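Survey of secondary and tertiary structure
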Amino acid sequence: MTKGDFTEQRINVMAQQTIHFTKMHGAGNDYIYVNTLLYNIPDPGAASVKWSDRHKGIGADGLVTIGAARNSDADFAMRIFNADGSEAMMCGNASRCVAKYLYEKGLTRKTVIRLDTLSGVKTLHLHVSGNTVDSVTVDMLCPGLHVPGQYAGPAGTDVTLTAGGRSFKGTFVSMGNPHFVIFTPDVMTTDVALWGAMLENHEAFPHRCNIEFAQTMAPGRLRVRVWERGSGITQACGTGACATAVAAAMTGRSGRETDVVMDGGTLNIRWNEADNHVYMTGGAEFVFEGDIAI
């Protein structure tokens, strides 16, 4: 083997061992994004655990892969892996980031993108100024209102669950993933880490659940703190914001359009009466890029 051959082989090995990533966030809900049209990640769940570590890795709420659509009705596909390695069905904040990524990196010139997810094909409407995506409206489709398992009752009925010796009255809403929304007089004094972890793993939710603690601030304005299934406390949750807005409308705490204020930012949620779809509008931001070993 010549020196040139050795150098070329070493370059090829290094190229196989590293991938290019982009860190992005939507309302503070931060993920690591990888274009799997260019890079292969053999075990994305394990990669998510390693890279999401905020002390020893990149630091994020999880990993999002952007790839070819599995559904002929879609343009691209998104997969989401939580910080614990489990795969999520949908993430509203991540979908907005994917839209910004695809457009601003030149993978598409479409301002309406059909995105294939585990909870179905979502339509993303990009609000663009020149080459910049200012915000994205995501059609989150229809909410599901049926409580799973032994706690099942009429659609939209509040359910009381007991955890740690305390009772929690809440509303179950599915946005392609499960949410349990609890309204409280003072969301800022709620121990989200303690009660969120307990309720995520409650027997009512055999596949675990996202937990939202919410408070009505003013007409058309809700304050929400989130415990995400598989990630813990996050700055925001797009599907959680949608679920909370739906729960608030069903229980008379809000109308069908509301601003949901979370730790990382605010999302506008509109539950359209005409088609029963929930529309989420918010921004997305690039944080930094780099290369990391597989």
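Residues numbered from 1 in each chain as written. Predicted model: local features only at pLDDT ≥ 70, side-chain atom pairs only at ≥ 80, totals over all residues. Heavy atoms only, no water.

The pairing of strand E11 (residues 178–183) with strand E12 (residues 210–218) spans five bridges and is parallel. By the bridge assignment, Phe180 is partnered in E12 with Ile211. Regarding topology, helix H4 (residues 192–200) serves as the crossover connection from E11 to the parallel E12, and that connection is right-handed. Relative to strand E13 (residues 221–228), E12 runs antiparallel, the two sharing seven bridges. Across the sheet, residue Glu212 finds its bridge partner in E13, namely Val226. In textbook terms, the turn of a hairpin is the stretch between consecutive antiparallel strands, and for E12 and E13 this stretch comprises two residues, one of which, Gly220, has a positive phi near 75°. (Pairing = 2+ DSSP bridges. Helix = DSSP H or I, 4+ residues; strand = E, 2+ residues; numbered from the N terminus. Right-handed = clockwise from strand over helix to strand, strands pointing away.)

Looking at the secondary structure, you find Asn177 in the loop between strand E10 (166–174) and E11. A residue is classified by how much of its surface remains accessible, and Asn177, at 5% relative accessible area, is buried. One polar contact links the side chain of Asn177 to the main-chain carbonyl oxygen of Met90, over a distance of 3.3 Å. Excluding its chain neighbours within four sequence positions, the residues that come into contact with Asn177 are Met90, Asn210, Arg229 and Thr239. (Buried < 20%, exposed > 50% of the residue type's maximum accessible area, 1.4 Å probe, protein only. Polar contact = N/O pair within 3.5 Å; in protein donor to acceptor, adjacent residues only side chain to side chain. Contact = heavy atoms within 4.5 Å.)

In this structure, Tyr33 and Ile269 are the most contacted members of the largest nonpolar core, which totals 53 residues. When near neighbours in sequence (up to four residues on either side) are disregarded, Ile269 contacts Ala241, Cys242, Ala245, Arg256, Glu257, Thr258, Val260, Val278, Tyr279 and Met280. Grouped together as the second largest cluster of nonpolar side chains are 17 residues, Val159, Phe168, Ile182 and Val187 included. (Core = buried A, V, L, I, M, F, W, Y, C linked by side-chain atoms within 4.5 Å.)

Coordinates in, geometry out; function isn't part of it.
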